[in-house]
Amino acid sequence: MANYTCSTVKQISHFVDGWQMEQKHFKRPYYVIVAQVAAELNNTLSSCREINLTASNAQAASSRIGNAAMGFKVLTHFIDELASDTQKAARDINKLARQASMFATTTARTQMALERFELARSKAAGADMTSLSQTISQTEDNYQQQQQAFKGMIGQIQSKLDDLKKTLRTANALASVCRIEACRVDASNQNTFIGVADKVDEVAEAIRQRVDAAITLFTATDKDAA
């Protein structure tokens, strides 16, 4: 067991007493960002379900029309696939964001502990600080490891956001082809298929805006940290 002097114990006790107050004022920019990303991508999942429903309605309409809408029926498969891929990506990013959010709290607490320990050491000048110095050294190692792991998580989130944005580019191409196929059916059914194309464009744009916002948040924070 470590043998701390009375002076050292007194200083460390200040760390415990001031914990709640310090935590309220501690800044965690990434903690806030990953929480925002999780919230935004939760909304994205609802948008993906809208695309799925749109594809199902289009498929039903294609079946009713028959051969004239065969090309469009094939397209509904790709629309479904786009929705599934986007949904999976959003869930993966959401999961990473939740993990990063919890990890950010752990890292912030370790940093706060280091600051308190350093304060205790500076105010106990002349006392035997061997045990506390060893504790500080171990905490510093833990902090460095936590920072690296956390940065790795943030990097994964940013990479997946970029990949999701690339996937969403497919939506514009699909919507354009949908409008071309709509011209192949009779006028009474064209509005149904044009409506599908408009819906795919609309939902994809809404998701894209959320992804862009998330990427911008990370970029702004990186610049502030530089």
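Preceding block: the structure.
Below, the structure is looked at part by part. If you're wondering where the values come from, they're calculated on a predicted model, not measured in any experiment.

Regarding the environment of Leu132
1) Next: Structurally, the position occupied by Leu132 is in helix α5 (residues 130-182).
2) Next: Judged by its relative accessible area of 1%, Leu132 falls in the buried class.
3) Next: Expressed as a C-alpha distance, the spacing of Leu132 and Arg121, which sit 11 residues apart in the sequence, is 7.6 Å.

Side note on the side chain of Asn94
1) Next: Looking at where Asn94 falls in the secondary structure, it is placed in helix α4 (residues 70-123).
2) Next: Setting aside residues up to four positions removed in sequence, Asn94 forms contacts with Ala38, Leu41 and Asn42.

With respect to the pattern of salt bridges
1) Next: Tallied over the full model, the rule gives eight salt bridges.
2) Next: Put simply, Asp92 and Lys88 hold a salt bridge, and the shortest N to O gap is 2.9 Å. With Asp92 and Lys88 both in helix α4, this residue pair falls four residues apart, about one helical turn.
3) Next: The residue Glu181 makes a salt bridge to Arg184 at a minimum N-O spacing of 3.2 Å.
4) Next: What makes Arg184 exposed here is its relative accessible area of 55%.
5) Next: Where salt bridges share partners, they join Glu50, Lys199 and Glu202 into one cluster.

Reading the values: the criteria
Residues numbered from 1 in each chain as written. Predicted model: local features only at pLDDT ≥ 70, side-chain atom pairs only at ≥ 80, totals over all residues. Heavy atoms only, no water. Helix = DSSP H or I, 4+ residues; strand = E, 2+ residues; numbered from the N terminus. Buried < 20%, exposed > 50% of the residue type's maximum accessible area, 1.4 Å probe, protein only. Contact = heavy atoms within 4.5 Å. Salt bridge = Lys/Arg side-chain N within 4 Å of Asp/Glu carboxyl O.

Note that every value here comes from positions in space, so none of it alone points to a role or purpose.
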